[in-house]
Amino acid sequence: MECMLAARSRCSWRAYSRMVAAFAAAFVFFSAYALAALLLPEAPGTTVYQKNGTTVDASHSDRGYIMVKQKKTNKKLKCRVSLGGDTMTYDLNSDGGYEVYPLQLGSGKYKVQVFSQVSGSKYSPVSSLSFKAEIADETLPYLYPNQYVNYSKSTLAVQKAAELCAGLDGEREKFDVCYRYVVTHVVYDYIRAIAAGSGQLDGYLPDVDDVYTNNKGICFDFAAILAAMLRSQGVPTKLVIGYADQTYHAWNEVYLDGGWQRCDPTSEVCAVTVKTYTTKRIY
């Protein structure tokens, strides 16, 4: 009898082990599948504009983004992207590599200008190029990484999103698990907030992996990591900068159920109620 029980126990353990292995394999498969849907910007060179060392690759302007680079220099650079009377100004790296800029101002005739630092905050123009963009869908600029929501396939937060969303199809489900992860794992960094308020973080851009690894950040970081996780899972997400009542702030708008819905992970973490949001810029 003891031998029979032992044999039965071994069989049960082998069956359990096979079940666990099958579950793990299925989990890896669904995680890989979730990561495979990741949209990343490209510069194929099919539609290119060049002037004075500036290259604008607008091959995927219909997808809501362009890629810009300037010939390598030892000076600081700025890039201005304009449509009509609306202008967005960004940093542009000096090493000659491409930067990704969203076309969040909609379809129309864009102007791209590059400026080189003369001294301090004084910059001189380098080039000015124009092109027309017909964006296929208003949500597309918010499905790709850019300077403010910077990530790749190797970004830890993106891999975590793939793990959390493995087997999920609905945008609402993906939003729920990613949002809940952020508000339960990231705490508010009051020291960095003080530094930002005193002007010590001028030109600061979120590092999504730093936020994920250290589990802390300011409102800009909360909005960036949530946007990175959701965009990587095909959920259009805006990073919005403006004012929450009278406080300079960053939050998100997520495209769910056919419309944009605001969410503010920082306010939930800090248990703050905001009466009025005023949007200034969207990335």
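Bear in mind the structure is a predicted one, so any value in this text is a computation, not a measurement. (Residues numbered from 1 in each chain as written. Predicted model: local features only at pLDDT ≥ 70, side-chain atom pairs only at ≥ 80, totals over all residues. Heavy atoms only, no water.)

**Q** How should the overall build of the chain be read in this particular structure?
**A** Helices and strands together make up the secondary structure of the chain, namely seven helices and 14 strands. Within the chain, the fraction of its 283 residues that count as buried is 42%. Within the chain, residue pairs in contact and separated by at least 24 positions form 61% of the contacts whose partners lie at least 6 positions apart. Total accessible area on the chain is roughly 14,800 Å²; 52% of this is exposed by carbon and sulfur atoms. (Helix = DSSP H or I, 4+ residues; strand = E, 2+ residues; numbered from the N terminus. Buried < 20%, exposed > 50% of the residue type's maximum accessible area, 1.4 Å probe, protein only. Contact = heavy atoms within 4.5 Å. Areas by Shrake-Rupley, 256 points an atom, 1.4 Å probe, with all protein chains shown as cover.)

**Q** Where do I start with the pattern of salt bridges in this structure?
**A** A side chain of one charge can pair with a side chain of the opposite charge when the charged atoms of the two come close. By the definition in use, this model includes eight salt bridges. Here Asp-189 makes a salt bridge to Arg-192, at a shortest N to O gap of 3.8 Å. As far as the burial class goes, Asp-189 and Arg-192 line up, both buried. Notably, a salt bridge pairs Glu-253 with Lys-238, separated by 3.7 Å at the nearest N-O pair. (Salt bridge = Lys/Arg side-chain N within 4 Å of Asp/Glu carboxyl O.)

**Q** Whenever I open this one, the nonpolar core confuses me. Can you help?
**A** It is characteristic of soluble globular proteins that their nonpolar side chains tend to be buried jointly. Grouped together as the largest cluster of nonpolar side chains are 58 residues, with contacts concentrated most on Ile-66, Val-68 and Phe-131. Per-element tally for this core: the top contributor is helix α6 (residues 219-231), with eleven residues. When sequence neighbours within four positions are dropped, the list of residues in contact with Ile-66 reads Val-56, Asp-57, Ala-58, Ser-61, Glu-99, Val-100, Tyr-101, Leu-103, Val-112 and Phe-131. (Core = buried A, V, L, I, M, F, W, Y, C linked by side-chain atoms within 4.5 Å.)

**Q** Which parts of the structure should I look at to understand the packing of helix α2 (residues 156-164) against α6?
**A** Helix-helix packing is described using two parameters, namely the angle between the two axes and the distance between the axes. It is at 8 Å that the axes of α2 and α6 come closest, and there the two elements cross at 55°. In terms of orientation, α2 lies oblique with respect to α6. Note that α2 runs across α6; the crossing there is right-handed. Across the interface between the two elements, Ala-157, Val-158, Lys-160, Ala-161 and Leu-164 from α2 touch Ile-225, Ala-228 and Met-229 from α6. (Axes fitted to C-alpha atoms, helices over the stretch in contact; angles between N-to-C directions. Parallel < 35°, antiparallel > 145°, perpendicular 65-115°, else oblique. Left-handed = near helix turned anticlockwise from the far one by under 90°.)

**Q** Is there a simple way to explain the sheet that holds strand β8 (residues 122-133) in this structure?
**A** Whenever strands of a sheet pair, they do so through backbone hydrogen bonds, lying parallel or antiparallel. Strand order in this open sheet of four strands is β5-β4-β7-β8, and the pairing throughout is antiparallel. Two strands in the sheet have a free side with no partner beyond their single neighbour: β5 (86-92) and β8. Ignoring which end each strand starts from, the neighbouring axes of this sheet average 20° apart. (Pairing = 2+ DSSP bridges.)

**Q** Looking at this structure, how should I read the packing of aromatic side chains?
**A** Aromatic rings in a pair are described by how distant their centres are and how their planes are angled relative to each other. Inspection of the entire model under this criterion finds 16 aromatic pairs. Geometrically, the ring pair formed by Tyr-255 and Trp-260 is edge-to-face, given 5.1 Å between the ring centres and 70° between the ring planes. By way of ring pairs, the aromatic residues Tyr-90, Tyr-101, Tyr-148, Tyr-204, Phe-220 and Tyr-283 are connected into one cluster. (Phe/Tyr/Trp six-rings, centres within 6.5 Å; stacked < 30°, edge-to-face > 60°.)

**Q** Where do I start with the pairing of β8 in this structure?
**A** Two faces belong to every sheet, and in a regular strand the side chains alternate between them. Bridge count between strand β7 (residues 108-119) and β8: eleven bridges; the pairing is antiparallel. Across the sheet, residue Val-112 finds its bridge partner in β8, namely Leu-129.

**Q** How should α6 be read in this particular structure?
**A** One turn of the α-helix equals 3.6 residues, which is why residues spaced by three or four share an orientation. Counted at 1.5 Å a residue, the expected span for α6 with its 13 residues is 18 Å, and the 18 Å between its end C-alpha atoms agrees. Most of α6 is tucked away, with 13 of its 13 residues classed as buried. (Expected span 1.5 Å × (residues − 1).)

**Q** Before we go on, may I ask you to explain the sheet that holds strand β14 (residues 277-282) in this structure?
**A** Within the open sheet, the four strands sit side by side as β13-β12-β11-β14. Their pairing is antiparallel. Each edge of the open sheet is held by one strand with a lone partner, namely β13 (259-263) and β14. Neighbour-to-neighbour, the strand axes of this sheet turn through a mean angle of 40°, independent of strand direction. Across the sheet, helix α3 (residues 171-185) lies against β12 (247-256) and β13, angled at about 145° from β12, the strand it touches most. Together, β11 (237-244), β12 and β13 form the strand contacts of α6, whose direction differs from that of β12 by roughly 15°.

**Q** I would appreciate a short explanation of the layout of surface pockets in the present structure.
**A** Roughly 1,100 Å³ of internal volume is contained in the largest pocket. Lining the largest pocket are 42 residues, and of these Leu-201, Gly-203, Tyr-204, Phe-220 and Tyr-248 lie nearest its centre. Elements that contribute at least two residues to the lining of the largest pocket include exactly β4 (77-83), β5, α4 (190-197), α6, β11, β12 and α7 (265-270). The leading source of residues in the lining of the largest pocket is β5, at five residues. Residue composition of the lining of the largest pocket, by class: 23 nonpolar, 13 polar and six charged. (1 Å grid on protein atoms, 1.4 Å probe; cavity = no way out; pocket = protein on both sides within 12 Å on 5 of 7 lines; lining within 4 Å. Points joined across faces, edges and corners; volume = space filled by probe spheres on them. Nonpolar A, V, L, I, M, F, W, Y, C, P; charged D, E, K, R; others polar.)

Just distances and angles here, no functional claims.
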